[in-house]
Amino acid sequence: MVGRQVVFAPCKINLHLGIHAQTDSRGYHFVDSVMMPVGLFDEVTVDDAPAFAVHHEPAIETPPEKTTVWKAATLLAEELGAELNLRIDVKTRIPEKAGLGGSSADAGAALRALCERWGVDVHDPRVADVARRVGADVSFFLDPVPSLFLGAGDMLSETFPSLPMPVVLVKPAGDGVSAAAAYGEYDRDPSEPPAYEAMCEALRRGSTEEVRGLVRNNLAPAAKALQPASEDAEKWLASQPETRAAMVSGSGSCVFALCETIEEARAVAARAVDEQDWWSFATLTVGKPEEVC
């Protein structure tokens, strides 16, 4: 018996997201993705139990066996020949269908806990393969540090030093945008992705000013077409005097803004709630999964 494990799952923003029209043999788009973990966390608890179970709080409509956490745990157990005599509880704070990687973050956190429980390194190729089978972003959440992912956005290319940056997250009202829907909309009018090298160089240098000037996302037009409120949120955030950059994160519908101080970020987040009645959260980028810079 191993006992209770608690793992914190940060969400992410895409400082750079470049979608290519070309696809791989699986039909997945080639993707250039620079992701930064952010200090808004789900909490994943793994504990001994007589039979495998997954529970979410608050409850979700998706049946447990259809969740990313269930899939990640069962695939890893099958790969390692381990017994699933455990229960996984997920306390959710990250909004879904927001481009913040919520369900992928939960799956990654579950895999990290199970690797510790079963004595396997998270960088083991078998674990990496399971992560890619669950979802592209799950690979990032195995070791959520600032990173460049290539391939279908699931192949680690480079990691970067921690870079503390105040962030405002805003999610306008609406059902959100699924990644599948965003990619489908992108395919209606595909665009060439921007180059990612300048962003990577700025992160290597630790230049927050350069990073703020280089945020790019060519999936954003598709996300905003599916949920126009995201475009309203992006324009509103960009107009705030404290904002140094504003961009849709991933496939949307959440929009993030980068500020110079956490006090400025909190002021913008408060106005988003008071003036626009949007869900909003002010935080910092994170250096390690459990630590806010």
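These numbers come from a predicted model, not from an experiment. (Residues numbered from 1 in each chain as written. Predicted model: local features only at pLDDT ≥ 70, side-chain atom pairs only at ≥ 80, totals over all residues. Heavy atoms only, no water.)

## Here we look at unusual backbone geometry
Piece 1. Look at the link from Glu-57 to Pro-58: it is a cis peptide, with omega at 0°.
Piece 2. The omega torsion of the bond from Gly-252 to Ser-253 falls at 15°, within 30 degrees of zero and hence cis.
Piece 3. Within the fold, Ser-253 resides in the loop between strand E9 (245–248) and strand E10 (255–258).
Piece 4. Phi angles above zero are rare outside glycine, and Asp-277 is one such case at about 60°.
Piece 5. With respect to the helices and strands, Asp-277 occurs in the loop between helix H10 (262–276) and strand E11 (279–284). (Helix = DSSP H or I, 4+ residues; strand = E, 2+ residues; numbered from the N terminus.)

## Describing the nonpolar core
Piece 1. With 82 residues, the main nonpolar core has Ile-13, Leu-15, Ile-88 and Leu-169 as its most contacted residues.
Piece 2. Examining the composition of this core, we find that eight residues originate from one element, helix H2 (residues 102–118), more than from any other.
Piece 3. In this structure, Val-31, Val-177, Ala-182 and Leu-219 belong to the second largest nonpolar core, which totals eight residues. (Core = buried A, V, L, I, M, F, W, Y, C linked by side-chain atoms within 4.5 Å. Buried < 20%, exposed > 50% of the residue type's maximum accessible area, 1.4 Å probe, protein only.)

## Some points on H10
Each α-helix winds once per 3.6 residues, and so residues spaced three or four apart point in a common direction.
Piece 1. With 15 residues, H10 ought to run about 21 Å at 1.5 Å a step, and its terminal C-alpha atoms sit 20 Å apart, in line with that.
Piece 2. When H10 is considered as a whole, its buried residues turn out to be Ile-262, Ala-265, Val-268, Ala-269 and Ala-272. Seen along its axis, H10 keeps its buried residues to an arc of 125°; they face one direction. Opposite the buried face of H10, by more than 90 degrees, sit the exposed residues Glu-263, Arg-266, Asp-274 and Glu-275.
Piece 3. Close packing links the buried residues of H10 with strand E7 (166–171), helix H9 (228–239) and E11. (Expected span 1.5 Å × (residues − 1). Arc of directions from axis to C-beta. Contact = heavy atoms within 4.5 Å.)

## Brief notes about the pairing of strand E6 (residues 155–159)
Piece 1. Across four bridges, the pairing between strand E5 (residues 147–150) and E6 is antiparallel. By the bridge assignment, Ser-147 is partnered in E6 with Thr-159.
Piece 2. Taking the residues between adjacent antiparallel strands as the criterion, E5 and E6 are bridged by four residues, where Gly-151 takes a positive phi near 65°. (Pairing = 2+ DSSP bridges.)

## Overview of the pattern of salt bridges
Piece 1. For the structure shown, the criterion picks out 19 salt bridges.
Piece 2. Taking the shortest distance from any N to any O, the salt bridge between Arg-133 and Glu-79 comes out at 4.0 Å. In this pair, Arg-133 is assigned in helix H3 (residues 125–134) and Glu-79 in helix H1 (residues 68–80), connecting sequence segments 54 residues apart.
Piece 3. The exposure class of Arg-133 is partly exposed, given its relative accessible area of 38%.
Piece 4. Overall, the relative accessible area of 34% leaves Glu-79 in the partly exposed class. (Salt bridge = Lys/Arg side-chain N within 4 Å of Asp/Glu carboxyl O.)

## Side note on the pairing of strand E3 (residues 53–57)
Piece 1. What you see with E3 is a clean split: Val-54 and His-56 sit on the buried side and Ala-53, His-55 and Glu-57 on the side with no burial.
Piece 2. Where E3 meets strand E4 (residues 86–91), five bridges bridge the pair, whose relative direction is parallel. By the bridge assignment for E4, His-56 is matched with Val-90.
Piece 3. Read as a crossover between parallel neighbours, the route from E3 over H1 to E4 is left-handed. (Right-handed = clockwise from strand over helix to strand, strands pointing away.)

## Digging into helix H6 (residues 197–205)
Piece 1. By the burial criterion, the buried members of H6 are Met-199, Cys-200, Ala-202 and Leu-203. Looking down the long axis of H6, one finds its buried residues gathered within 160° of arc, a one-sided arrangement.
Piece 2. At its buried positions, H6 is contacted by strand E1 (5–23), strand E2 (29–48), E5 and helix H7 (208–212).
Piece 3. Positive backbone phi, at 70°, marks Gly-206, one or two positions downstream of H6.

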